[in-house]
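Understanding the architecture of this molecule
This is what each chain is made of:
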Amino acid sequence: MDNRAEVRQFLSTRRGRITPEQAGLEPYGGRRRVPGLRREEVARLAGVSVDYYTRLERGNLTGVSDSVLDAIARALELDRAEHDHLYDLARAANTSGRKRAASAGGSAPSGVRPELQYLLDTITGAPAFIGNNRLDIVAANTLGYALYSDMYRGTARPANHSRFIFLDPRAHDFYTDWDRAANVNVAILRREAGRSPHDKGIAELVGELSMRSDEFRTRWAAHNVRRHYAGTKIFKHPVVGLLELNYQVLGLEEDPGHTLTVYPATPGSPSDEALKLLASWAATENIVEAALAHARS
């Protein structure tokens, strides 16, 4: 990823969404040529010179202090995810070339430590999976494989949330609100790209999706980012129908770039009963074996 371009586009898109009235400023200077704040207005709100802010928005975050980053975040009314993303972009700008090369990495791991698979297998009442920062599913329990059975029936290797959403027509049925799922997916991937700007796998995934999907390319250009740790999702599974599931995402400290996601249903709810049906179906269809065969192919 081109750090300067990322910084420039992120700051300019955030500036463009805030009007002077929203920022508590009195508009001045006659007819405005930009939809949001001008650079000088952001600089005034942040307490920095116009020249200094212009330098930042041109993509140069080298040597910028935390206090200035915080001031810019307040001026642009960044939420927590956007604030973190700005820090990630600054960190990348101040990382040495040697460290950048070391962080670039190669292909994503095809599996996980045995101990993590043991952990997944102890979770029997809810779908659970381990994903990496490229949004691949690298391991799952039986219900996890069953939940994403359509993803494993696809041609993409490895199983990947972004490829499924944007390249597989079945995703439009699986997600009851496909637009929301697509927006969230891109925002998560954008945040991961900011955290790992030299990850070749992320860059290749973004390049592939940008070439193959207009829907992805439009959303990627918006530079939205999102934290994604807890909430509720609704799926329409092809076998058991609607599933309204809570989700919790936990970082795995000993496995950087990997997270554990668990989807429990509310006890006694229709979705709880549907998960029991899904477990029975998974057992009869040998879902785990089919998913592992997909991963090996």
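Since this is a predicted model, take the numbers as computed values, not measurements.

Some points on the packing of helix 5 (residues 80-93) against helix 12 (residues 178-195)
Where helix 5 meets helix 12, the axes come as close as 8 Å, and the angle between the chain directions of the two elements is 30°. In this structure, helix 5 uses Asp-84, His-85 and Asp-88 to contact helix 12, whose residues at the interface are Arg-190, Arg-191, Gly-194 and Arg-195. Across the contact of helix 5 with helix 12, the residue classes tally to no nonpolar, two polar and five charged.

Details of the side chain of Asn-141
Summarising the element assignment, Asn-141 is placed in the loop between strand 2 (137-140) and helix 8 (142-147). Taking the relative accessible area as the measure of exposure, Asn-141 reaches 2% and is therefore buried. Ignoring anything within four residues of it in the chain, the contact list for Asn-141 reads Leu-120, Asp-121, Ile-123, Ala-126, Pro-127 and Ala-128.

Structural notes on the packing of aromatic side chains
All told, the structure shown has 15 aromatic pairs when counted by the stated rule. When the centroid spacing of 5.8 Å and the interplanar angle of 90° are considered together, the rings of Phe-129 and Tyr-148 count as edge-to-face. Of the two residues, Phe-129 is situated in strand 1 (residues 128-132) and Tyr-148 in the loop between helix 8 and helix 9 (149-153); the sequence distance between them amounts to 19 residues. Each member of the pair, Phe-129 as well as Tyr-148, carries the same accessibility label: buried.

What about the nonpolar core?
Ranked by internal contacts, the top residues of the largest apolar core, which has 46 residues, are Tyr-148 and Tyr-175. By residue number, the principal contributor to this core is helix 12, which donates eight residues. In terms of nonpolar packing, the next biggest core, distinct from the first, is built from 28 residues, Leu-25, Val-42, Ile-72 and Leu-86 among them.

Cut-offs used in this document
- Residues numbered from 1 in each chain as written.
- Predicted model: local features only at pLDDT ≥ 70, side-chain atom pairs only at ≥ 80, totals over all residues.
- Heavy atoms only, no water.
- Axes fitted to C-alpha atoms, helices over the stretch in contact; angles between N-to-C directions.
- Helix = DSSP H or I, 4+ residues; strand = E, 2+ residues; numbered from the N terminus.
- Contact = heavy atoms within 4.5 Å.
- Nonpolar A, V, L, I, M, F, W, Y, C, P; charged D, E, K, R; others polar.
- Buried < 20%, exposed > 50% of the residue type's maximum accessible area, 1.4 Å probe, protein only.
- Phe/Tyr/Trp six-rings, centres within 6.5 Å; stacked < 30°, edge-to-face > 60°.
- Core = buried A, V, L, I, M, F, W, Y, C linked by side-chain atoms within 4.5 Å.

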